[in-house]
Amino acid sequence: MSRSFVITALLVALAGPALADYDAKMEAEEARQRKAAAAAEAKRKADYEKQRSAIEAKGMRKELGKEAEGKSDAEVKQIYNAKVKAQVDMAKQVQSGSAPPGSDAAKSDAQVKAMTGKSTKELQNMTPAEQAAFAKQMEKQYGGAK
């Protein structure tokens, strides 16, 4: 028993200085500083996002021109995204070869076919050797670079 008492007393004596370092005021001050730093970082990020959004809206308005006049930033963004989506969809249709008749893509494909004898899809699917032979044929037909 006396041995366990000595060990316990020794452990309490060693733990005392560790507990003495705890300062509630200092802990509260550090917590306040961390909270203030987090709030400042959140404000900085919000300011950055606001500036980025304003720059994006300005670029979208410039791209849309008269179509964006009198519209809010949210409306401009919606119109711009719809326009970009339509262009992407058209490009996908052209690549797949299923552009609707009368569309700009269909007209473009018809012009390419009339000039070269091959559709845009056929040109895309050519092997490098076929491309080289086709280039020579077009040079002969249309008088390519000399």
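Residues numbered from 1 in each chain as written. Predicted model: local features only at pLDDT ≥ 70, side-chain atom pairs only at ≥ 80, totals over all residues. Heavy atoms only, no water.

Chemist: Can you walk me through the overall build of the protein in this structure?
Modeler: Along the protein, the regular secondary structure elements total six helices and zero strands. When the elements of the protein are put in sequence order from the N terminus, they spell out α-α-α-α-α-α. Per-residue burial for the protein yields a buried fraction of 9% across its 146 residues. Considering only contacts in the protein between residues 6 or more positions apart, those separated by 24 or more positions represent 13%. In the structure as shown, the protein presents an accessible area of about 12000 Å², 59% of it carried by carbon and sulfur atoms. (Helix = DSSP H or I, 4+ residues; strand = E, 2+ residues; numbered from the N terminus. Buried < 20%, exposed > 50% of the residue type's maximum accessible area, 1.4 Å probe, protein only. Contact = heavy atoms within 4.5 Å. Areas by Shrake-Rupley, 256 points an atom, 1.4 Å probe, with all protein chains shown as cover.)

Chemist: Can you walk me through helix H2 (residues 24-64) in this structure?
Modeler: A turn of α-helix holds 3.6 residues, and therefore any two residues three or four places apart point the same way. Spanning 41 residues, H2 covers 59 Å between terminal C-alpha atoms, matching the ideal 60 Å at 1.5 Å per step. When H2 is considered as a whole, its buried residues turn out to be Ala57, Met60 and Leu64. One or two residues past the end of H2 sits Gly65, with phi positive at roughly 65°. (Expected span 1.5 Å × (residues − 1).)

Chemist: What's the story with the pattern of salt bridges in this structure? I'm lost.
Modeler: Side chains that differ in sign of charge can pair as their charged atoms come close. Using the criterion set out here, one finds seven salt bridges in the structure. A salt bridge links Glu41 to Arg44, with the shortest nitrogen-to-oxygen separation between them at 2.6 Å. Of this pair, Glu41 and Arg44 both sit in helix H2, separated by three residues, roughly a single helical turn. A residue is classified by how much of its surface remains accessible, and Glu41, at 33% relative accessible area, is partly exposed. (Salt bridge = Lys/Arg side-chain N within 4 Å of Asp/Glu carboxyl O.)

Chemist: Please clarify how the confidence of the model for the protein should be interpreted in this entry.
Modeler: Any segment with low pLDDT has predicted coordinates that should not be analysed in fine detail. Per-residue confidence for the protein gives a mean pLDDT of 83; residues scoring 70 or more make up 87%. Across the protein, the secondary-structure element scoring lowest on mean pLDDT is helix H1 (residues 2-20), at 73, and the one scoring highest is H2, at 93. (pLDDT = per-residue confidence, 0-100.)

Chemist: What is the right way to look at the environment of Met126 in this model?
Modeler: When you line up the elements, Met126 lands in the loop between helix H5 (120-124) and helix H6 (128-142). Sequence-distant contacts of Met126, that is, excluding residues within four places in its chain, are made with Lys118, Gln131 and Phe134.

Chemist: For this particular structure, what's the right way to read H6?
Modeler: Between its first and last C-alpha atoms H6 spans 21 Å; for 15 residues at 1.5 Å apiece the expected length is 21 Å, and the two agree. Gly143 lies just past H6 and shows a positive phi near 65°.

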